[in-house]
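# Summary of structural features
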Amino acid sequence: KQWYQRRVAITAGGVKKLGGASLHLPKIRKNPLIEIIAINTGCLNQCTYCKTKHARGELGSYPIADIVERGVQSFAEGVREVWMTSEDTGAYGRDIGVTLPDLLYEFVEIIPEGCMLRLGMTNPPYILDYLEDMAKILSHPRVYSFLHVPVQAASDNVLEDMKREYTCAEFSRVVDFLREKVPDITIATDIICGFPTETEEDFKETLELIEKYKFPSLFINQFFPRPGTPAARMKKIPADKVKLRTKKASEIFQKQFPYTHKLGEVQQILVTEIATDNKHYVGHNKFYDQVLVPKIEGYMGQSLTVRIMETGKHYLKGDVIEEGEIQNIPSSYSNPNKVAFSLNPYNMVQNIKTKSNVWNFLIVLVIGVMFQLLYILYRNHR
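Residues numbered from 1 in each chain as written. Predicted model: local features only at pLDDT ≥ 70, side-chain atom pairs only at ≥ 80, totals over all residues. Heavy atoms only, no water.

### Details of the sheet that holds strand β10 (residues 217-222)
For the record, the criterion: We call two strands paired when DSSP finds no fewer than two bridges between them. Counting from the N terminus, the helices are the DSSP runs of H or I reaching at least four residues and the strands are the DSSP runs of E reaching at least two. Fitted lines through C-alpha atoms serve as axes, helices being fitted only where they are in contact, and the angles separating the N-to-C directions of these axes extend from 0 to 180 degrees.
Overall, parallel pairing links the 3 strands, which are arranged β8-β9-β10 in an open sheet. Bordering the open sheet on either side are β8 (146-148) and β10, each of which pairs with just one other strand. Between one strand axis and the next, the sheet turns through 15 degrees on average, direction left out of account.

### Some words on the pattern of salt bridges
Rules: By definition here, a salt bridge exists when the distance from a side-chain nitrogen of Lys or Arg to a carboxyl oxygen of Asp or Glu is within 4 Å. The classification of residues rests on relative accessible area computed with a 1.4 Å probe and restricted to protein chains. Under 20% of the type maximum is buried, over 50% is exposed, and intermediate values are partly exposed.
Evaluation of the coordinates by the stated rule reveals 9 salt bridges. For Lys-27, the salt bridge identified is with Glu-35, shortest N-O distance 3.1 Å. Residue classification places Glu-35 among the buried positions, given a relative accessible area of 1%. In this structure, the salt-bridge partner of Lys-262 is Asp-289, at a minimum N-O distance of 2.4 Å. Placement of Lys-262 in the loop between α9 (239-254) and β11 (266-274) and of Asp-289 in the loop between β12 (280-284) and β13 (290-294) is noted, with a sequence separation of 27 residues between them. On the accessibility criterion, Lys-262 (4% relative accessible area) is buried. A single salt-bridge network, built from bridges that share partners, covers Lys-27, Arg-29, Glu-35, Arg-70 and Glu-77.

### Thoughts on the nonpolar core
Short version of the rule: Definition used in this section: a nonpolar core is a set of buried Ala, Val, Leu, Ile, Met, Phe, Trp, Tyr and Cys residues joined via side-chain atoms within 4.5 Å. Whether two residues are in contact is decided by their heavy atoms, any of which lying within 4.5 Å being enough.
Counting residues in each nonpolar core, the largest one holds 55 residues, and the members touching the most others are Ile-67, Met-84, Phe-107, Leu-117 and Leu-178. The element contributing the most residues to this core is helix α7 (residues 168-181), with 6 residues. Non-local contacts of Leu-178, meaning those with residues more than four positions away in its chain, are made with Leu-131, Ala-135, Leu-138, Leu-147, Ile-185 and Ile-187.

### Observations concerning the layout of surface pockets
Filter applied, for reference: Whether a set of points on the 1 Å grid over the protein atoms alone is a cavity depends on a 1.4 Å probe fitting there but being unable to get out, while an open set qualifies as a pocket with protein on both sides within 12 Å along at least five of seven lines; lining residues are those with an atom within 4 Å of a point. Grid points are joined across faces, edges and corners, and a volume is the space filled by probe spheres set on the points. Note on residue classes: Ala, Val, Leu, Ile, Met, Phe, Trp, Tyr, Cys and Pro are nonpolar, Asp, Glu, Lys and Arg are charged, and everything else, Gly too, is polar.
Volume-wise, the second largest pocket comes out at about 620 Å³. Surrounding the second largest pocket, 28 residues form its lining, Tyr-49, Cys-50, Thr-52, Gln-152 and Arg-164 being those nearest its centre. Counting residues per element, the ones that place at least two in the lining of the second largest pocket are α2 (52-56), β9 (186-193) and β10. It is α2 that contributes the most residues to the lining of the second largest pocket, 3 residues altogether. Grouping the amino acids of the lining of the second largest pocket by side-chain chemistry returns 10 nonpolar, 11 polar and 7 charged.

### A word on the environment of Thr-311
Mapped onto the elements of the fold, Thr-311 is located in strand β14 (residues 303-311). Given the relative accessible area of 24%, Thr-311 is considered partly exposed. Sequence separation of Thr-311 and Gly-264 is 47 residues, and the distance between their C-alpha atoms is 9.6 Å. Ignoring sequence-local partners within four residues, the contact set of Thr-311 consists of Tyr-259, Thr-260, Leu-263 and Leu-316.

### Looking at the sheet that holds strand β7 (residues 116-119)
Taking strand neighbours across the sheet as the criterion, the 3 strands line up as β3-β6-β7 in an open arrangement whose pairing is parallel. Where the open sheet ends on each side, the last strands, each with one partner, are β3 (34-38) and β7. Adjacent strand axes in the sheet meet at a mean angle of 20 degrees when their direction is disregarded. The sheet contact formed by β3 and strand β6 (residues 81-85) spans 5 bridges and is parallel. Bridge pairing in β6 links Ile-37 to Met-84.

Below, the structure is given as structure tokens:
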């Protein structure tokens, strides 16, 4: 009953959901250095090609206190990077009388030195009202200057048929404002090629937008008629034309090299992943650019200073010139050799794997779950 009360609010309109599953449930992270926090579920839109509203329902936002509390707990457990996600982060709080900046201003206060926050996708309409606040937050030293803002199409006619609730000019206003206020910010976007009502002239406008902004990250999708959506009942564009449009968009994007000017720069990065070639670690700089560094023991989970020695279409390569100082973290964290199990959760897992110490892993797992359950019991009886 107490759990149910935390997930709903009683309003004049009846019972209303607050987010999805409780943020206090035990969790085993795929990457022990990264915590993914869903700040809301559902959405406010009625896009004609999308099934999210059918699958997830109306917008349901978690209370700010729950999200901040989850962040505090995650950092205490050794997490170095938090991803805030949802179907639309920009819509956060509109159902409970708060805004995304309200949440973020509180959350940045609890991010330790050497840790970072990455914001998830937001649709253009929901950040137009507080662009100034978003620029300030994205300029914070412990927040990646990165934002995923899907445009889907540059034609206002197509956007109207999609029921996207913004114009191309409004999307451009978001990009132009953030690029002016947050220099070098990374704006990622999406486009859909071959929406049923898209004409050749409409698609030309989308190509012009790609040419204009030279997005470092661009997700190019072909229209797919999802059963039960209004767009699925529209007359489809022939498949060969859709493929041709996709090819044209891809060709323009592949000719753009957004990182060339960063060659030789000295940057601070946070290392959190292993590269697909298994020869490098992956770190991200302030703008969430992917930076590859040599796979050397001790780098994982650390803040490093690197000089950019190579640039590619989707990555940078750096040489470590000075290991970054990590404040407010026990010395055993940055030197896992001092203890049998490093406080760096990644190194702890790696030690377990390399030593085949399955029993130790199980003991750590059981203790972690027990603490989570005790914490839930404490909150319910508080």
